[in-house]
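Per-entry structural report
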Protein chains: 2
Amino acid sequence: MGDAPPQNSMPASEMDGICSGSHDAGTIVRDLLDQVGDKWTLLVVGMLEDGPVRYSALKARVPGISQRMLTLTLKKLERDGMVRRESFAEIPPRVEYELTELGRTLIEPAVGFARWALESAGAIAEAREAYDIRD
Amino acid sequence: MGDAPPQNSMPASEMDGICSGSHDAGTIVRDLLDQVGDKWTLLVVGMLEDGPVRYSALKARVPGISQRMLTLTLKKLERDGMVRRESFAEIPPRVEYELTELGRTLIEPAVGFARWALESAGAIAEAREAYDIRD
DNA sequence: CCGTATCCCCCCAGATACTG
DNA sequence: CAGTATCTGGGGGGATACGG
């Protein structure tokens, strides 16, 4: 499989080029955002950043996640080629999950967003208070 | 408050530091992701990148959005200080929306994610096919 | 230990109709 | 033109119990 076609740099107005209905790029971004923007995916990916983690450790480190959602999230990530699953035939059973190369590429934009969130949280909270008081 | 220089010092394991349960940073990121990661927010923000846009133009440029969802999305963004609303007492009525400085800071990480999505879409599609065939 | 199966609730998006 | 009001269905996701 060839690497991503260099195609083009993004136009000056990048989000516009991305989201415009003229290309189907908007659809692609939307679909991926639906995948990754759900309640648990980014959290789980973040927990896998340092290397292989077992199922139980993952569940412990993602507070509040149910077995059901952890399993669903991991399955989806595995299907998308972002996570590799390795099970060891031991007693007690052990299953480890780790990010693939593709999965690792998610970390950079995710961190970018996380950084934005942390930097902006204060300003957003202020804006909300101001808005709520006024109205 | 000028622009936000990349003044930051995240730990080596960034997502870990962000998402770990030990800090409430994970909660912050999760909350913001819930705000921004919904079905329409990023699309609307993308449409506002170039400057003020009227309500009707916005509705036309975001294909498939309902009046209800457009209004809700704009209200939420306004409350969060990301969008400024200006209404003109004319006939016919005119209301324009534009990004605030805070709102503009969202574009950079959003574009980062969008770029990732476009670059990764192919690999993910391949991974899915491989996964579905095998199993 | 590592999941799967089932039930169920709640929220949110869509459709529609109506106002200033 | 720029919204609001109300109803409704579908699905995400939690709790729980069970299987390998």
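Small disclaimer: the values here were computed from a predicted structure and weren't measured. (Residues numbered from 1 in each chain as written. Chains lettered and ligands numbered in written order. Predicted model: local features only at pLDDT ≥ 70, side-chain atom pairs only at ≥ 80, totals over all residues. Heavy atoms only, no water.)

1. Remarks on the confidence of the model for chain A
Put simply, the rule is: pLDDT expresses, on a scale from 0 to 100, how confident the predictor is about each individual residue. In what follows, residue pairs with any heavy atoms lying within 4.5 Å of each other are defined as contacts.
Here chain A shows a mean pLDDT of 86. Residues at 70 or above account for 83%. Between residues 1–12 of chain A, whose pLDDT stays under 50, and residues either more than four places distant or in other chains, the model counts 6 contacts.

2. What to know about the interface of chain A and chain B
Stated precisely, the cut-off is as follows: A quick way to say it: buried area is the sum, across both parts, of accessible area lost when two parts are put together, with a 1.4 Å probe. Counted as salt bridges are all cases of a side-chain nitrogen of Lys or Arg within 4 Å of a carboxyl oxygen of Asp or Glu. Polar contacts, as used here, are pairs of N or O atoms within 3.5 Å; protein pairs need one atom able to donate a hydrogen and one able to accept it. Residues neighboring in sequence count only if both atoms are side-chain atoms. For the purposes of this entry, the term helix denotes a DSSP run of H or I that reaches at least four residues, the term strand denotes a run of E that reaches at least two, and both are numbered from the N terminus. Think of it as three bins: nonpolar holds Ala, Val, Leu, Ile, Met, Phe, Trp, Tyr, Cys and Pro, charged holds Asp, Glu, Lys and Arg, and polar takes everything else, Gly as well.
Residue-level contacts link 59 residues of chain A with 60 residues of chain B. Counting the surface lost from both chain A and chain B, the interface buries some 5,600 Å², and carbon and sulfur atoms represent 69% of this. At the boundary of chain A with chain B, the tally comes to 4 salt bridges. Put simply, chain A and chain B have 8 residue pairs in polar contact (both at pLDDT 80 or more) between them. If you list the elements that add at least two residues to the side of chain A that touches chain B, you get α1 (14–19), α2 (25–36), α3 (41–47), α5 (67–79) and α6 (101–134) of chain A. With 23 residues, α6 of chain A is the largest single contributor of residues to the side of chain A that touches chain B. Of the residues contributing to the side of chain A that touches chain B, the split by class is 34 nonpolar, 9 polar and 16 charged.

3. A short note on the nonpolar core
Operational definition: For this analysis, a nonpolar core means a set of buried residues of the types Ala, Val, Leu, Ile, Met, Phe, Trp, Tyr and Cys, connected via side-chain atoms within 4.5 Å. Relative accessibility under 20% of the residue-type maximum defines a buried residue, over 50% an exposed one, and the middle range a partly exposed one, all with a 1.4 Å probe and only protein chains included.
Of all hydrophobic cores here, the largest spans 65 residues; its most connected members are Leu58 and Trp116 of chain A together with Leu58 and Trp116 of chain B. Setting aside residues no more than four positions away along its own chain, Leu58 of chain B makes contact with Val44, Met47, Leu48, Val53, Leu70, Leu74 and Tyr97 of chain B.

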